[in-house]
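Fold and geometry: a report
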Protein chains: 2
Amino acid sequence: MASSTPSSSSTSSNAGADPNTTNLRPTTYDTWCGVAHGCTRKLGLKICGFLQRTNSLEEKSRLVSAFKERQSSKNLISCENSDRDARFRRTETDFSNLFARDLLPAKNGEEQTVQFLLEVVDILLNYVRKTFDRSTKVLDFHHPHQLLEGMEGFNLELSDHPESLEQILVDCRDTLKYGVRTGHPRFFNQLSSGLDIIGLAGEWLTSTANTNMFTYEIAPVFVLMEQITLKKMREMIGWSSKDGDGIFSPGGAISNMYGIMAARYKYFPEVKTKGMAAVPKLVLFTSEHSHYSIKKAGAALGFGTDNVILIKCNERGKIIPADLEAKILEAKQKGYVPLYVNATAGTTVYGAFDPIQEIADICEKYNLWLHVDGILQGCNQMCAGYLFQPDKQYDVSYDTGDKAIQCGRHVDIFKFWLMWKAKGTVGFENQINKCLELAEYLYTKIKNREEFQMVFDGEPEHTNVCFWYIPQSLRGVPDSPERQEKLHRVAPKIKALMMESGTTMVGYQPQGDKANFFRMVISNPGATQSDIDFLIEEIERLGQDL
Amino acid sequence: MASSTPSSSSTSSNAGADPNTTNLRPTTYDTWCGVAHGCTRKLGLKICGFLQRTNSLEEKSRLVSAFKERQSSKNLISCENSDRDARFRRTETDFSNLFARDLLPAKNGEEQTVQFLLEVVDILLNYVRKTFDRSTKVLDFHHPHQLLEGMEGFNLELSDHPESLEQILVDCRDTLKYGVRTGHPRFFNQLSSGLDIIGLAGEWLTSTANTNMFTYEIAPVFVLMEQITLKKMREMIGWSSKDGDGIFSPGGAISNMYGIMAARYKYFPEVKTKGMAAVPKLVLFTSEHSHYSIKKAGAALGFGTDNVILIKCNERGKIIPADLEAKILEAKQKGYVPLYVNATAGTTVYGAFDPIQEIADICEKYNLWLHVDGILQGCNQMCAGYLFQPDKQYDVSYDTGDKAIQCGRHVDIFKFWLMWKAKGTVGFENQINKCLELAEYLYTKIKNREEFQMVFDGEPEHTNVCFWYIPQSLRGVPDSPERQEKLHRVAPKIKALMMESGTTMVGYQPQGDKANFFRMVISNPGATQSDIDFLIEEIERLGQDL
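A short tour of the structure in this document, coming up. The model shown is predicted, which means the values in this text are computed figures rather than measured ones.

Take the overall build of chain A next. A count of helical and extended segments in chain A gives 16 helices and 13 strands. Counting the 546 residues in chain A, one finds 64% classified as buried. Long-range pairs, those at least 24 residues apart, make up 74% of the contacts in chain A between residues at least 6 apart in sequence. Entry remark: accessible area of chain A is about 19,400 Å², with carbon and sulfur atoms responsible for 51%.

Written out as structure tokens, the structure is:
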């Protein structure tokens, strides 16, 4: 999960309940932070894999006869007989005279289809292998114009006529070749890094099942998996299994948008039919360190970005509660209606946790909706969006389609469900713990070195470590606007050199009046201490002469 | 493309231009409908597959040495040597004592990873094979409580402890077993049907590349593919390559939402900062047959559903221009500001094309934004969302992240790009033509039979065919409220029986005051005349005694 919004998510099954549900707060917050911090319960991995093979017996006999039937009518040269399903093997196939139209559903297209897909899988397995191989580059950088001109025959243009499957396979290889290996142990550029093999298998299956979440009718298993997974997640933050409802959304930004919609509908349900013109001028509050999706949602939903008020943060990037209260009072005095506060559990840049208890007290005092934008690491690109949506047109409780602003909805759940099955809760905990340990390792390694300067003091709260690299020429130079200006240019230069050399990738950005700094965020399960060492050495190597 | 929004999408590069761009309209509309109807240009498939193998030479020598290096350090038992990349083969592996933690990035995890993924691929290939096999069922229906109780050991619950990879593989098989085969040639339940093998390969690659569209930095190839594909699509509707801009969005509903946001920003840019409270009361117009996403967007964006005004349609489901004009005038008289008209090129139920020329004339007359919600068949679940987005914070033209309301954005482009490469434009045209021919076949087959009654007269305009099945007991019975009531219950009953028997699937719904009818929509490239025959026979078989 790159981002999830637990606090706004669930509305109590009691429709009249206070949305801030103060009685749940202590448990919720503690447990949530516990999860986000990787949980301190270090349970051993007690293996209790329970093998269920019996379920295949009935299916088996059905398939065996179906298979025999097929064997007599078709010549499956790539398909070894087995007692269960067919097993496929690669044969040498000439794809230069085969085209998409020769694949299924074409008559007798099965053999070509199997061979084509096996060839694709070979390309993918080679890519996976190289991704985890530290002797390969993270990327082989080219400028847009270079790729557009066509790299050694890799032509992105589309034509009226079909290409052979041979060419399609070459295109697949080239697409991967000129891309970025986000699963490489030295790719640290984004929170979404690392390639989880179980997640990958889950995605391959999801795209093969090729269905859509809108009704139970066409996605029975996935709809139930989503329900069970969300229930489990709610239980982890201390809510009973009957509290709350939710769906997965395409990402954290849409989840945050849902959070604001839920708040608006709770306090002003008439907005749904009459629009924003029919209600008082509403204002939203969020920290100056929060994700920009809150502002975007404010613009899209018709609040206006001027009415998304930024709260000051302390030096660790946490909301200052007194500033929140002052700004709520100020807005009220001006005749605005304060509606909603977004608190963040793990900010984008610093990885800071806002003081949620104190913020919740303020929300309760002034009757505001409290939303928590939480970031759980270790489950890349899976985002939980819980919502209480105004549009429910029918009451078929397993048809989730109408809960989303979308009509069709991609099956995001299976990958995550399968990873949870395969790792167990303890597996996720271990994965997060490892990331936290690496963040601490990095911090300890650089905090006292003259080549580095930390952006804020103290141990990292999350897996973010923010620091400047100080090149020789700036070491010992007292702070001044001129020095700041020079320092501001260091990280971009190092990053550009890093992209050219393709050895590792890390993000940088300014924050407020702070010059550009590196934000190292560790979520890649493939990373080890040696990769952290490598990153630091690479920064020094590339930056020493700046 | 399930849905795309060409007309609203592009804003002329001349910022002051009329958004309705009347001079482009004739070309746009004709070409668009030409595409949507499958194009009448029946170009032969002139094969010009151009094999580009030279690009592998440099890479080759690099890889050979890298490979030799690896060979000496690792024992890749499943990996045959080759002059290029490794080739993988299955070995018998006992997964009962292997767990997710034994896979990459685990030390020496490569062999297990390859074997596990090959095993998954075997499951998927068996599924693909069965999907196209008409002797298999479309689905094996179970009620939610049955699946929740656990079918023959298929347990959806998540536990704290990891399951073995053996169990994970069983779960994968079961997930597919209890799902719906949306690629089955007799699955007609949704517009999104059919399993495209090239698209499938594209999705497998996309999930392996596992990146995100937000910047060129981490998705160089995909960002350029998206740009090239959208340019090509704009050219098809007659816009010069410099006109317009766009991104792919997670679906048609979000695309429609973007269309409304673009209109609002064009006419009232201050909404972005000041909100809907700062502008006059705006109204939107859409047909009573249009997709419900327009109303949803109206609610979400702060217009309110009361301000989404429905225009009457004729018996074929097309907007009546006179009613549109009357309602615009009525809104103006009441002091509202008419902002936007949504026209549909291929409505959800009837497949109707609104009279876009006449609607455009009205929009021009009253200075309204015209959006066309177009539906292109044959490219399942790929949705083009063009937009002119108010939020552009930086001007790095290949960083598409800030054009979307999302932060991260899934790579939707590769599948579509690869399909286009593999089929060529002519391949898509042929695919659409085939669907249109099948719709005509179905219409011709049932239009004069007493067991069936068409919902509207005349040949289908698109691939939608809407009809009632009239059971024996209702044949020859004159129309009456009582007959209507009985007829209303026929389609749901047949559908329920169909789900139980699992032989085929088709959707039904009421429309306005019309009793429930079947909406057959043909987009499955695997379907043939025999499948249409089968569907009709199935409906008769299941419905005869009702």
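This paragraph deals with the side chain of A:Asp323. Residues and elements named next belong to chain A. When you line up the elements, Asp-323 lands in helix H12 (residues 321-333). You can call Asp-323 buried: its relative accessible area is 14%. A polar atom in the side chain of Asp-323 sits 2.8 Å from the backbone nitrogen of Lys-312. For Asp-323, the contacting residues outside a window of four places in its chain are Leu-310, Ile-311 and Lys-312.

As a further point, take the interface of chain A and chain B. At the junction of the two partners, chain A supplies 167 residues and chain B supplies 168 residues. At the boundary of chain A with chain B, total buried surface from both sides reaches about 15,700 Å², with 60% on carbon and sulfur atoms. Where chain A meets chain B, there are 14 salt bridges. A salt bridge links B:Glu92 to A:Arg87; the nearest nitrogen and oxygen atoms lie 2.7 Å apart.

On to the relation of the copies chain A and chain B, then. You can overlay chain A on chain B at an RMSD of 0.0 Å; the transform is a turn of 180 degrees with a shift of 0.0 Å along its axis. Taken together, the rotation and translation relating the two chain copies correspond to the operation of a two-fold axis. In terms of proximity to the rotation axis, the leading residue of chain A is A:Leu301, whose C-alpha is 2.1 Å off the axis. Most of the interface of chain A is mirrored in chain B: 100% of its interface residues are interface residues there too.

Across all of its chains, the model carries 46 salt bridges over all chains by this definition. Of the charged contacts in the structure, one is a salt bridge between B:Glu482 and B:Lys486, with a shortest N-O distance of 3.6 Å. Here B:Glu482 and its partner B:Lys486 are both found in helix H15 (residues 481-501), four residues apart, which amounts to about one turn of the helix. For B:Glu482, a relative accessible area of 54% corresponds to the exposed category. On the basis of relative accessibility, which here comes to 41%, the residue B:Lys486 falls in the partly exposed class. Through salt bridges that share partners, A:Arg87, B:Arg90, B:Glu92, B:Glu119, B:Asp122 and B:Arg173 make up one connected network.

Moving on, we get to helix H13 (residues 356-366) of chain B. It helps to recall that an α-helix has 3.6 residues per turn; residues three or four apart then point in one direction. Residue and element names in this part refer to chain B. Listed in full, the buried residues belonging to H13 are Ile-356, Ile-359, Ala-360, Ile-362, Cys-363 and Tyr-366. Down the axis of H13, the smallest arc covering the buried residues is 160 degrees, so these residues share one side. Following H13 by one or two positions, Asn-367 adopts a phi angle in the positive range, close to 60 degrees.

Residue and element names in this part refer to chain A. The omega torsion across Leu-104 and Pro-105 is 10 degrees, close enough to zero to call that bond cis. For Pro-105, the position within the fold is in the loop between strand S2 (87-88) and helix H4 (110-131). A positive phi angle, near 60 degrees, is found at Asn-367, a position not held by glycine. Here Asn-367 lies in the loop between helix H13 (356-366) and strand S8 (369-374).

Okay, the sheet that holds strand S11 (residues 464-469) of chain A next. All names here are of chain A. Ordered by their spatial adjacency, five strands build an open sheet running S3-S12-S13-S11-S10, and the pairing between neighbours is mixed. Two strands bound the open sheet, and with one partner strand each, they are strand S3 (187-188) and strand S10 (452-454). Taken together, the four bridges between strand S12 (residues 505-511) and strand S13 (residues 514-521) define a ladder with antiparallel strand orientation. Across the sheet, the residue bridging to Tyr-508 is Phe-518, located in S13. The strands touched by helix H14 (residues 413-446) are S10, S11 and S13; relative to S11, the strand with the most contacts, the crossing angle is about 25 degrees. Contacts from helix H15 (residues 481-501) reach S10, S11, S12 and S13 within the one sheet, and its direction differs from that of S12 by about 155 degrees.

Judged by nonpolar contacts, the single largest core of 138 residues is most densely connected at A:Phe116, A:Phe222, B:Phe116 and B:Phe222. Residues in contact with A:Phe222, not counting those within four places in the same chain, are A:Leu205, A:Ala209, A:Thr211, A:Met213, A:Val411, A:Ile413, A:Phe414 and B:Thr175. By size, the runner-up hydrophobic cluster in this structure holds 46 residues, among which are A:Val279, B:Ala262, B:Val271 and B:Leu301.

About the thresholds
Residues numbered from 1 in each chain as written. Chains lettered and ligands numbered in written order. Predicted model: local features only at pLDDT ≥ 70, side-chain atom pairs only at ≥ 80, totals over all residues. Heavy atoms only, no water. Helix = DSSP H or I, 4+ residues; strand = E, 2+ residues; numbered from the N terminus. Buried < 20%, exposed > 50% of the residue type's maximum accessible area, 1.4 Å probe, protein only. Contact = heavy atoms within 4.5 Å. Areas by Shrake-Rupley, 256 points an atom, 1.4 Å probe, with all protein chains shown as cover. Polar contact = N/O pair within 3.5 Å; in protein donor to acceptor, adjacent residues only side chain to side chain. Buried area = accessible area lost by both parts, 1.4 Å probe. Salt bridge = Lys/Arg side-chain N within 4 Å of Asp/Glu carboxyl O. Least-squares fit on C-alpha atoms with pLDDT ≥ 70 in both. Arc of directions from axis to C-beta. Pairing = 2+ DSSP bridges. Axes fitted to C-alpha atoms, helices over the stretch in contact; angles between N-to-C directions. Core = buried A, V, L, I, M, F, W, Y, C linked by side-chain atoms within 4.5 Å.

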